[in-house]
Each structure stands twice: as structure tokens, then as C-alpha cells.
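# Understanding the architecture of this molecule
What follows is the residue order along each chain.
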Amino acid sequence: MGVEKSKLGVSSIKHRDCYRLTSPRRGEVSCASFGSLVPRCTPTPTPPRKGEGILFPMEDRTDEDRAMSPSHDTHEVFNQTPPLGDVNLVATNQPLLDALKAGGGDPEAEGLIAFGAAWGSAERLDIGRLANENPPKLRTHDARGYRIDAVEFHPSYHVLMRASMEDGLHASTWDEPATGHAHLARAARLYTASGVESGHVCPITMTHASVAALAAAPNRLAEWLPKIRSREYDSRFIPFWEKTAVTLGMGMTEKQGGTDVRANTTRAVPKAGDEYALTGHKWFMSAPMCDAFLVLAQAPGGLTCFLLPRFRPEGVLNALRLQRLKDKLGNRSNASSEVEFEDAFAWRIGEEGRGIRTIIEMVQLTRLDCAVASAGLIRMGLALSLHHARHRSVFQKKLIDQPAMRVVLADLALESEAMTALALRAAHSFDQQADTHEAAYARLVTPAAKFGICKAAPRLLYEGMECLGGNGYVEESALPRLYREAPVNAIWEGSGNVIALDILRAETREPEVAASVLERLMADVRDLPGASDAARDIVMALHSPEAEARARFIAERLFALAATAALARSGPAEIAEAYALTRLATPSRMAGANDLGEAVNPLLERAFVAI
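These numbers come from a predicted model, not from an experiment. (Residues numbered from 1 in each chain as written. Predicted model: local features only at pLDDT ≥ 70, side-chain atom pairs only at ≥ 80, totals over all residues. Heavy atoms only, no water.)

Take the overall build of the protein chain next. From N to C terminus, the protein chain includes 20 helices and 14 strands. Nonlocal contacts in the protein chain, meaning residues at least 24 apart in sequence, comprise 71% of its contacts between residues at least 6 apart. For the protein chain, the accessible area works out to roughly 25,600 Å², and carbon and sulfur atoms hold 53% of it. (Helix = DSSP H or I, 4+ residues; strand = E, 2+ residues; numbered from the N terminus. Contact = heavy atoms within 4.5 Å. Areas by Shrake-Rupley, 256 points an atom, 1.4 Å probe, with all protein chains shown as cover.)

In an α-helix, one turn spans 3.6 residues, which is why side chains three or four residues apart end up on the same side. A rise of 1.5 Å per residue sets the reference length of helix 7 (residues 201-214), with its 14 residues, at 20 Å; its end C-alpha atoms lie 20 Å apart and thus fit the reference within 8%. Most of helix 7 is tucked away: 14 of the 14 residues are buried. (Expected span 1.5 Å × (residues − 1). Buried < 20%, exposed > 50% of the residue type's maximum accessible area, 1.4 Å probe, protein only.)

For the rest of this paragraph, the subject is the confidence of the model for the protein chain. When pLDDT is averaged across the protein chain, the result is 90; 88% of the residues are at 70 or more. Counting contacts from residues 1-61, a segment whose pLDDT is below 50, to residues more than four positions away or on other chains yields 123 contacts. (pLDDT = per-residue confidence, 0-100.)

A few words now on unusual backbone geometry. Following Glu-176, the chain continues into Pro-177 via a peptide bond in cis, with omega recorded as -5 degrees. Relative to the assigned elements, Pro-177 resides in the loop between helix 5 (155-166) and helix 6 (182-196). The phi dihedral of Asp-86 falls on the positive side, at around 55 degrees, and the residue is not glycine. Structurally, Asp-86 can be placed in the loop between helix 1 (63-68) and helix 2 (94-102). Owing to a relative accessible area of 64%, Asp-86 belongs among the exposed residues under this scheme. At Gln-396, a residue that is not glycine, the phi angle is positive and equals roughly 65 degrees. Tracing the backbone shows Gln-396 in the loop between strand 13 (393-394) and strand 14 (397-398). Judged by relative accessible area, which is 78%, Gln-396 ranks as exposed.

Attention shifts here to the environment of Ser-194. Of note, Ser-194 is situated in helix 6. It is 9.9 Å that separates the C-alpha atoms of Ser-194 and Trp-119, two residues lying 75 residues apart in sequence. Not counting residues within four places of it along the chain, the set of residues in contact with Ser-194 comprises Val-201, Ala-373 and Leu-377.

It is worth spelling out the pattern of salt bridges at this point. Summed over all chains, the structure comprises 32 salt bridges. When the shortest N-O distance is used, the salt bridge between Asp-369 and Arg-186 registers 2.8 Å. In this pair, Asp-369 is assigned in helix 9 (residues 355-391) and Arg-186 in helix 6, connecting sequence segments 183 residues apart. For the pair Asp-369 and Arg-186, a shared accessibility class is recorded, and that class is buried. Of the charged contacts, one joins Arg-583 and Asp-411 as a salt bridge, the two residues approaching to 3.1 Å between their closest N and O atoms. In this pair, Arg-583 sits in helix 19 (residues 573-585) while Asp-411 sits in helix 10 (residues 403-431), placing the two residues 172 residues apart along the sequence. Exposure remark for Arg-583: the relative accessible area of 8% places this residue in the buried category. For Asp-411, a relative accessible area of 1% gives the class buried. Beyond isolated ion pairs, a larger network of salt bridges with shared partners links Asp-411, Glu-415, Arg-459 and Arg-583. (Salt bridge = Lys/Arg side-chain N within 4 Å of Asp/Glu carboxyl O.)

It is worth spelling out a positive patch on the surface at this point. A contiguous patch of positive charge, built from Arg-262, Arg-354, Arg-357, Arg-505 and Arg-509, is present on the exposed surface. Relative to the helices and strands, Arg-509 resides in helix 15 (residues 496-509). (Patch = residues over 30% accessible without salt bridge, like charges linked within 9 Å, V, L, I, M, F, W, Y side chains within 5 Å. Lys, Arg positive; Asp, Glu negative; His and termini not counted. Charge placed at Lys NZ, Arg CZ, Asp CG, Glu CD.)

We now examine the packing of aromatic side chains. All chains considered together, the criterion is met by 8 aromatic pairs. Each ring, one from Phe-240 and one from Trp-241, has its centre 5.3 Å from the other, and the planes form 80 degrees; the classification is edge-to-face. When its relative accessible area of 38% is taken as the criterion, Trp-241 is described as partly exposed. Aromatic rings pair up to connect Trp-224, Phe-240 and Trp-241 into one cluster. Positioned above the aromatic ring of Trp-283 is the side chain of Lys-326, whose terminal nitrogen or guanidinium carbon lies 3.3 Å from the ring centre. Positioned above the aromatic ring of Phe-284 is the side chain of Lys-326, whose terminal nitrogen or guanidinium carbon lies 4.3 Å from the ring centre. (Phe/Tyr/Trp six-rings, centres within 6.5 Å; stacked < 30°, edge-to-face > 60°. Lys NZ or Arg CZ within 6 Å of the ring centre and 35° of its normal.)

So, on to the packing of helix 16 (residues 511-525) against helix 17 (residues 531-542). Two elements in contact, helix 16 and helix 17, have axes whose closest approach is 10 Å; the angle formed by their N-to-C orientations is 170 degrees. The angle between the axes of helix 16 and helix 17 places the two elements in the roughly antiparallel class. Our pair here, helix 16 against helix 17, has a crossing hand that is right-handed. Contacts between helix 16 and helix 17 involve Leu-518, Met-522 and Val-525 on the former and, on the latter, Ala-531, Ser-532, Ala-535, Ile-538 and Val-539. (Axes fitted to C-alpha atoms, helices over the stretch in contact; angles between N-to-C directions. Parallel < 35°, antiparallel > 145°, perpendicular 65-115°, else oblique. Left-handed = near helix turned anticlockwise from the far one by under 90°.)

Attention now goes to empty space enclosed by the protein. Applying the stated criterion to the full structure yields 9 cavities of 30 Å³ or more. Space inside the largest cavity adds up to approximately 80 Å³. In this structure, the largest cavity is lined by Leu-89, Asn-93, Tyr-191, Thr-192, Gly-195, Gly-376, Arg-379, Met-380, Ala-383 and Phe-608. Secondary-structure elements contributing two or more residues to the lining of the largest cavity are helix 6 and helix 9. For the lining of the largest cavity, the element with the most residues is helix 9, which contributes 4 residues. Classifying every residue of the lining of the largest cavity by side-chain character gives 5 nonpolar, 4 polar and 1 charged. (1 Å grid on protein atoms, 1.4 Å probe; cavity = no way out; pocket = protein on both sides within 12 Å on 5 of 7 lines; lining within 4 Å. Points joined across faces, edges and corners; volume = space filled by probe spheres on them. Nonpolar A, V, L, I, M, F, W, Y, C, P; charged D, E, K, R; others polar.)

What follows is about the nonpolar core. If you look at the biggest cluster of nonpolar residues, it comprises 181 residues, and the most contacted ones within it are Trp-224, Leu-278, Leu-422, Ile-453 and Leu-561. Beyond its immediate sequence surroundings of up to four residues, Leu-561 is in contact with Leu-518, Leu-521, Met-522, Val-525, Ala-531, Ala-534, Ala-535, Ile-538 and Leu-584. (Core = buried A, V, L, I, M, F, W, Y, C linked by side-chain atoms within 4.5 Å.)

A separate point is the side chain of Lys-243. Along the chain, Lys-243 falls in the loop between helix 8 (218-229) and strand 6 (248-251). Of note is the side chain of Lys-243, whose polar atom sits 2.7 Å from the side chain of Asp-291. The residues touching Lys-243, leaving out its near neighbours within four places in the chain, are Lys-227, Asp-234, Ser-235, Arg-236, Ile-238 and Asp-291. (Polar contact = N/O pair within 3.5 Å; in protein donor to acceptor, adjacent residues only side chain to side chain.)

On to the environment of Ala-531. Mapped onto the elements, Ala-531 comes out in helix 17. Residues Ala-531 and Leu-584, spaced 53 residues apart in sequence, show a C-alpha to C-alpha distance of 6.3 Å. Once residues within four sequence positions are removed from consideration, Ala-531 is found in contact with Met-522, Val-525, Leu-561 and Leu-584.

What follows is the structure in C-alpha cells.
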């Protein structure tokens with residue numbers, strides 16, 4: 001019986017027809033058979049016994065394996081697109097490479113080429129599928145009747161978490177010394193990983209953003225930051241001080257208020273120093289197996305931010321009662337819970353009554369991640385569509401050579417390239433916060449990027465699904481999962497109206513900041529079609545007596561102008577001009593109905609290297 005150590009730190013043992021995790025540490029749960037989740041001990045798996053499922057994809061089987069399967073006596077299977085896998089998701093993405101270069105990043109030096117190969121492997125893509133086909137389960141009690149309030153995840157989820165944390169997606173921007181491109185490089189990683197599996201990105205994002213809120217309590221930051229920065233993944237359900245690494249979650253909204261967190265009713269009673277007892281509930285608390293949660297509750301001085309750990313300082317479980325897990329449209333690999341607190345122990349973060357102010361920078365970081373992750377989903381949908389079109393023939397021609405399909409794919413490629421450029425341009429602004437102009441850009445453009453990119457994702461992924469026809473609609477395809485995942489980022493951290501009104505408030509509260517951002521955008525777009533009209537539309541709507549009613553119009557125009565400017569910085573001139581003509585100068589039409597002119601060929605050539 002041989003043992004092999006994987007790059008992700010998971011031991012695998014060849015055990016007849018399955019692979020098993022070995023020797024779980026304290027607090028971990030061992031696993032039974034889960035197919036290709038861990039590295040293989042031998043070049044080919046043992047053929048399944050009668051009645052068992054195939055452990056690995058059909059394309060990995062030997063001729064001997066195939067001989068054991070029933071043949072297709074009625075017909076020959078041909079003209080089917082091979083699975084997308086073992087492709088470098090960074091090296092094949094020219095728009096991403098150009099956006100990195102425009103921000104001063106070096107993909108090779110940042111390790112992004114190797115990252116793209118790892119996340120584009122057939123095994124990693126299949127792990128993403130497994131994580132969503134095997135959703136987490138709530139265990140409120142153990143076998144003896146003791147309350148444990150634990151959530152069990154499929155091993156594939158842990159593999160993804162370990163991979164992302166080893167690559168620093170949860171903490172790399174907080175490393176010292178700073179590289180000057182930390183947010184940019186992390187955004188490229190997050191973008192790529194989100195296209196493979198987006199559910200596990202939720203605790204990664206929350207952990208990363210939590211540091212901004214913890215900064216309001218320097219003693220707590222000093223205590224937690226070393227374990228946040230760790231590149232290990234420690235899933236054991238034990239007190240945080242016994243662990244090698246931690247993850248942090250958030251619980252802000254309640255039943256009666258939702259987005260209106262000022263309506264929260266959870267009470268916080270002071271005990272000693274910065275220690276409080278919380279009683280109340282949270283309606284949405286994702287990744288409930290995180291080691292602690294940033295929550296908002298009503299203290300004597302008003303709405304306040306707290307850090308609520310899973311274990312009390314004396315080492316016993318905190319009074320955090322998981323009621324149930326949400327049955328969500330997508331994001332199936334990630335658990336989202338309803339929770340009640342019963343005199344739960346928590347530390348105050350920041351001053352009483354300044355809860356919103358304490359979390360505001362954290363919210364900016366999570367909104368950036370929403371935009372980046374949605375751009376990654378859109379990119380993966382485009383990659384799957386192009387891959388299919390290059391292999392599938394219809395009416396004696398490859399789909400990629402059919403004029404109508406070429407225009408649809410080019411339109412999708414144009415949207416994806418602009419959103420990739422904008423997502424990374426926004427990330428770059430976070431690296432340049434010492435520059436007042438870049439700080440203003442981050443404040444104003446980040447919510448606009450979230451608004452435009454996240455709201456476009458479901459529409460664009462549907463178009464990608466249609467490119468595959470029926471093959472894209474069935475669950476064997478990755479596109480249904482991407483499509484179900486797409487709406488969450490537009491809803492989380494501020495749905496459309498919330499984001500639009502936030503942009504409106506920022507522009508009216510600090511008009512000089514808004515003016516400087518518009519001036520910077522106009523300098524980037526220069527004389528591109530429709531740019532001056534878009535800037536004029538934004539200014540006139542801001543000064544309109546109906547400004548609040550036009551908040552979405554302002555957000556949409558700001559998004560389109562910012563995307564055009566980002567594309568002008570990183571993309572070829574003909575592509576930037578095509579985007580301006582079809583998104584700024586005139587309202588955008590459905591995919592394939594926009595006149596892209598001479599930009600069709602370069603868009604398709606840049607979008608994805610043929611496999």
C-alpha cells in the first residue's frame with residue numbers, strides 16, 4: 001500500500017477502488033472515497049468493480065478500461081467537444097496579461113503563470129465540480145447529544161481552501177514588506193480561481209477583508225494577524241490559539257433589516273474591558289466554520305462592531321447556535337447559515353456607536369472581490385464557449401468559422417476584456433492609496449465596477465451557455481453551475497440600488513473627488529466615441545432634482561466610462577474604440593447584435609489560445 005504526498009498537503013493511499021484521506025488531525029473529519037480528488041498513486045486507477053462508479057473521467061481510462069465498457073452498437077459518437085482541462089488559465093488569457101502589464105505587474109515574477117497551470121488542470125477543475133455536487137451538512141449535535149454546531153464539508157472543498165491559502169489569496173496584500181503590486185497580483189489569482197470554483201472564495205474574501213476592520217482594535221489585530229497571514233490551511237474545529245492558521249467570516253444582516261443594518265436588534269452587554277455578551281441573531285452568516293466572525297450589534301453607545309470567536313477564551317464552545325443552512329440558488333459548495341447568539345462572548349472592535357465606520361474599508365475590499373470574481377466567472381464562460389466553438393462542426397464548418405457565431409463570441413470577448421481590464425485597474429488603485437487621485441478612484445470606481453460587472457455576469461453566462469446549445473444546459477457542463485453562481489456577487493455587499501445610492505452619496509458629498517475621478521477617466525479615454533457624452537450625462541444626472549431616482553443611470557454610465565478608460569490603458573486601440581462605439585456612444589444591444597467592425601478578429605485571437 002503506497003503513500004503519496006500531494007502539492008496541496010493531502011496524503012493519499014491506494015486502497016483497492018478508492019482513495020482516502022489519512023490520519024486526520026484533531027478536529028478534522030476523515031473521508032471515504034472521493035474519486036480524483038487527491039493525486040493518483042499509480043498512472044491509471046483500478047477498474048471499478050461491478051456496480052461501482054468510474055473513479056476518473058472517461059478520457060483518463062486505458063484501452064483495457066474501455067474494452068470493459070459496453071460499446072455503442074447503434075452509432076459512433078463523434079463531433080463532441082473534448083473536456084476543457086490541463087490548460088494554463090493565465091498564459092492563454094491575453095487580456096489578463098495585458099491588464100497586469102498596464103498595472104506594472106509581471107506575471108512570471110509574481111508566479112501567476114504557474115498558478116494558471118495549477119488551476120487549469122483537469123484535476124482542479126473536477127475538484128470544483130465535486131465541491132458543488134456535495135454541499136455542506138449541518139451537524140447541530142454529536143452522537144451523544146451534545147451541541148456542537150458544526151458544518152461538515154466535502155474533502156474537495158478543503159482541497160480548494162488549502163490551495164487558495166497556500167497561494168495567499170486570503171492574506172497576500174497584508175504581507176510585509178509590501179511589493180507595490182500586491183492587490184493587482186492577488187486580483188489576478190482570485191479572478192482565475194473564481195472561474196474554477198467560486199464558493200470557497202467567500203471565506204477567502206472575508207478573511208482577507210477582515211484585517212481592515214481589525215485595524216480599529218490594534219491589540220486584536222496583533223493577536224490574529226500572524227495566523228491570518230499563515231499560508232497553511234487548518235480546518236480543525238479547535239480554539240484559534242491552538243491552530244496554525246485561521247479564517248474569519250462576517251455576520252451583519254438580520255431578519256427585520258437586511259441591508260439596513262442600523263435596524264439590527266442584537267444586543268451587546270458590556271462585561272469587562274472590551275469583552276461583551278451578545279444576544280440576538282443573524283439572518284445570513286456564511287462560512288460558519290470560520291474561527292471568528294465580525295458582527296454588528298447594538299451596544300449602549302449604538303451600533304458597534306464585534307469579533308465573535310467560535311470558542312470562548314476558556315476553551316469551550318461559544319454560544320453561537322446554528323439554526324439551519326440556507327438552500328441557495330448557487331454557491332453550493334459554501335455554507336451560509338442562520339444563527340442565534342445566547343450571551344455569546346465577543347470582543348469590541350473600534351468604538352461603540354461607530355460600527356459602520358469600522359467596517360467601511362472592509363466593505364470596499366469585499367466589493368472589489370465581488371467585481372474581480374464576477375469578471376473571472378465571465379471569463380470562464382467565454383473560455384468554455386470558445387473551446388466548444390473551435391471543436392464543434394455544424395453545416396460542414398467549425399462553429400468558430402460561422403459568421404453569426406463569430407460575432408456573438410467576439411461580443412462576449414469584448415465584454416470580458418473590458419471587465420477584466422476594469423477589475424484589475426480597480427485592484428491597482430488599492431496598491432496606490434498614497435496617491436490621492438488613486439484613492440479617489442478606488443472609492444468611486446470600485447462600487448461602479450461591482451455594479452456593472454456583477455449585474456452583467458448572469459446575462460453573459462447565459463449567452464455562453466447558448467453557444468453550447470443543449471450541451472451547455474445540462475449539468476454535465478460547467479456552465480449551469482457558473483450561471484447559478486453569477487447572481488450572488490451582485491446581491492452580496494450591496495445589491496444594485498444600494499451600490500448606486502452609495503455612488504450617488506459619494507459624488508454629492510465630495511464633489512471635488514468626483515470631479516477629479518471624471519477628469520482622470522477622460523484623460524484615459526481621450527477622444528473615444530461617446531466618452532464626453534457619458535461624462536456630461538453623469539454630471540447632469542448628479543445635479544438633477546431627480547438624482548436619487550436616476551442613481552442606477554449614474555452608476556451604469558460611470559461603469560461604462562470607467563471600463564472604456566481601463567480598456568484604453570491595457571487593450572489594443574481598435575478594441576477600445578469598438579467598446580466605446582457600442583457601449584458609450586450608443587446603448588449596448590444583445591450579444592451578436594453590436595457592430596464591432598474590424599475588431600472581431602483581434603478580439604477572438606486575443607481571447608483564448610486554441611487547445
